[in-house]
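Letter by letter, the chains look like this.
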Amino acid sequence: MILNETYTLANGAPIPKLGFGTWFIEDGAAAQAVQDAIGIGYRNIDTAQAYGNERGVGEGVRSSGVPRDELYVSSKLAAEIKDYDGAVSAIDGSLTLMGLEYLDLMMIHSPQPWNDWRGGSYAEGNRAAWRALEEAHDAGKLRSIGVSNFEQSDLQNIFAACTVPPQVNQVLLHVGNTPTELLDFCTENNILVEAYSPIAHGEILGNAEVGVMAERYSVSVPQLCIRYALQLGTVPLPKTTNPEHMRTNADVDFVISDADMEALHGMSVTDYGKSGKFPVFSGK
């Protein structure tokens, strides 16, 4: 079962192949959602300072009944933090808010603040924030460190100054949006890619071509999309508060054929509907 399988990061740490995303789960509902996910068998739980639910996620982790060392918990520095002191304070703030002694992974959420998505250069600010992550890593507060939404040039900026290279890059990846060159670059540099919004923030559900293919495999569209991300060697992070959907999202022990993988890879989704207002879906 996929919930029992792991990848190995460049630093030797295991990471579960399927994660549980918490974007858009309100803080008051997060503890129950995390408890439900862990009860079903999820061991990889992802949040971020920007989600506003770290407190609830931490509560869910602590009250799950599963030993802390059997869980993999991630968070992300707010995208606006581009200085060393701010990053140091934010790292400690996340640990305090979540009630945890350490995080398994912490990432810089974006190479730019959200209000300047894919805009100006924040090279020095990202290096400063990375230095804070490295020091927290060396102190044992963070078991692994990484980035999110970083493109090749952003990663190269970190490489030029780091003592601990990024182990993870969490990016928008789904059927209809497969950043092949970035995936290849990350693979070449021993960076594991995590795939957020693997169901295109829900927009893929209405795609007739994907629906027909899912029917041929006797699976749902979300299951097909999650399996697609897994066969690319990434960690998909589907989000739901529905325990039944949590179960079916993990029921992906089938194999997409090479021909169908190629067909899915060649699709393009550019309209995210109402979600297009968010920077990551804006197309910049």
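Structure shown above.
Described below are features of the structure shown in this document. Residue indices begin from 1 for each chain and proceed along its sequence in written order. A pLDDT threshold of at least 70 governs which residues receive local features in this predicted model, and a stricter bar of 80 or more applies before side-chain atom pairs are shown or counted, although totals over entire chains, interfaces and linings include all residues. Remark: hydrogens and water are excluded; side-chain values derive from all non-hydrogen atoms of the structure.

1. Concerning helix H7 (residues 208–216)
- Val210, Gly211, Met213 and Ala214 are the residues of H7 that are buried. Axial view of H7: buried residues confined to an arc of 165°, hence all on one face. Seen from the open side of H7, the exposed residues pointing more than 90 degrees away from its buried face are Ala208, Glu215 and Arg216.
- Residue contacts follow a heavy-atom distance rule, with two residues in contact if any of their heavy atoms lie within 4.5 Å. Numbering of helices and strands runs from the N terminus; a helix is a DSSP stretch of H or I covering at least four residues, while a strand is a stretch of E covering at least two. Residues of H7 that are buried in the fold lie against helix H8 (221–231) and helix H10 (258–265).
- Here H7 starts with a cap whose side-chain oxygen sits 3.0 Å from the backbone nitrogen of Glu209, and that cap is Asn207.
- Trailing H7 by a residue or two, Ser218 shows a phi angle of about 60°, which is positive. To sort residues, take the accessible area from a 1.4 Å probe on protein chains only and compare it with the maximum for the residue type: under 20% means buried, over 50% means exposed, and anything in between is partly exposed. Arc, as used here, means the arc of the directions from the helix axis to the C-beta atoms. Think of a polar contact as two N or O atoms within 3.5 Å of one another; within protein, one of them needs to be a possible hydrogen donor and the other a possible acceptor, and neighboring residues in sequence only count if both atoms come from side chains.

2. A look at the packing of helix H3 (residues 84–98) against helix H4 (residues 123–138)
- H4 packs onto H3 with a crossing angle of 40° between their chain directions and a minimal axis gap of 7 Å. Considered as vectors, H3 and H4 are oriented oblique to each other. The way H3 lies across H4 gives a crossing that is right-handed. Touching Tyr84, Ala87, Val88 and Ile91 of H3 are Ala128, Ala129, Arg131, Ala132, Leu133, Glu135 and Ala136, all from H4.
- Each residue gets one label: Ala, Val, Leu, Ile, Met, Phe, Trp, Tyr, Cys and Pro are nonpolar, Asp, Glu, Lys and Arg are charged, and the others, such as Gly, are polar. Tallied by class, residues from the contact of H3 with H4 come to 9 nonpolar, no polar and 2 charged. Helix axes are fitted to C-alpha atoms over the stretch in contact, other axes to C-alpha atoms as well, and angles between N-to-C directions run from 0 to 180 degrees. Angles are sorted into four bins: roughly parallel if under 35 degrees, roughly antiparallel if over 145, roughly perpendicular if 65 to 115, and oblique for all others. Helix crossings get a hand from a simple test, with the near helix turned counterclockwise from the far one by less than a right angle marking a left-handed crossing and a clockwise turn marking a right-handed one.

3. A word on H4
- A rise of 1.5 Å per residue sets the reference length of H4, with its 16 residues, at 22 Å; its end C-alpha atoms lie 22 Å apart and thus fit the reference within 8%.
- For H4, the complete set of buried residues consists of Gly125, Asn126, Ala128, Ala129, Trp130, Ala132, Leu133, Glu134, Ala136 and His137.
- Gly140 sits one or two residues past H4 and shows a positive phi near 85°. The span expected for a helix works out to 1.5 Å for each residue beyond the first.

4. A few points about the sheet that holds strand S4 (residues 44–46)
- Strand order in the open sheet made by the 8 strands is S3-S4-S5-S6-S7-S8-S9-S10, with parallel pairing throughout. Taken across any chain shown, the strands that pair with only one partner, and hence form the sheet edges, are strand S3 (20–21) and strand S10 (235–237).
- The criterion for strand pairing is that DSSP finds at least two bridges linking the strands in question. Of the pairings in the sheet, the one linking strand S6 (residues 105–108) to strand S7 (residues 145–148) comprises 3 bridges and is parallel in character. From the neighbouring strand, Met106 faces S7, where its bridge partner is Ile145.

5. Quick notes on the side chain of His109
- Within the secondary structure, His109 sits in the loop between S6 and H4.
- Among the residues examined, His109 registers a relative accessible area of 6% and is labelled buried.
- In contact with His109, other than residues within four places in its own chain, are Ala48, Ala50, Tyr51, Lys76, Leu77, Ala78, Ala79, Trp114, Ser148 and Asn149.

6. Digging into the pairing of strand S8 (residues 168–172)
- Among the 5 residues in S8, 5 count as buried, and that is most of the element.
- As paired strands, S7 and S8 are joined by 2 bridges and run parallel to one another. Following the sheet pairing, Ser148 is matched in S8 by Gln170.
- By the criterion used throughout, a crossover qualifies as right-handed when its path from the first strand across the helix to the second strand runs clockwise, the strands pointing away from the viewer. A crossover connection joins S7 to the parallel S8 through helix H5 (residues 152–159); in handedness this β-α-β unit is right-handed.
- Pairing between S8 and strand S9 (residues 192–196): 5 bridges, direction parallel. Residue pairing across strands places Asn169 opposite Val193, the latter belonging to S9.
- Crossover handedness for the path S8 to helix H6 (residues 180–188) to S9: right-handed.

7. Digging into the pattern of salt bridges
- For this document, the term salt bridge refers to a Lys or Arg side-chain nitrogen within 4 Å of an Asp or Glu carboxyl oxygen. Inspection of every chain in the model, using the stated rule, returns 10 salt bridges.
- The salt bridge involving Asp27 is made with Arg55; its shortest N-O contact spans 2.7 Å. Of the two residues, Asp27 sits in helix H1 (residues 27–40) while Arg55 sits in helix H2 (residues 54–62), which places them 28 residues apart along the sequence.
- Here Glu244 ties to Arg247 by a salt bridge, and the two come within 3.8 Å at their closest N and O atoms. Taken together, the positions of Glu244 and Arg247, both in helix H9 (residues 243–249) and 3 residues apart, correspond to about one turn of that helix.
- Among the residues examined, Arg247 registers a relative accessible area of 44% and is labelled partly exposed.
- Taken together, the shared-partner salt bridges in this structure form one network comprising Asp27, Arg55 and Glu59.

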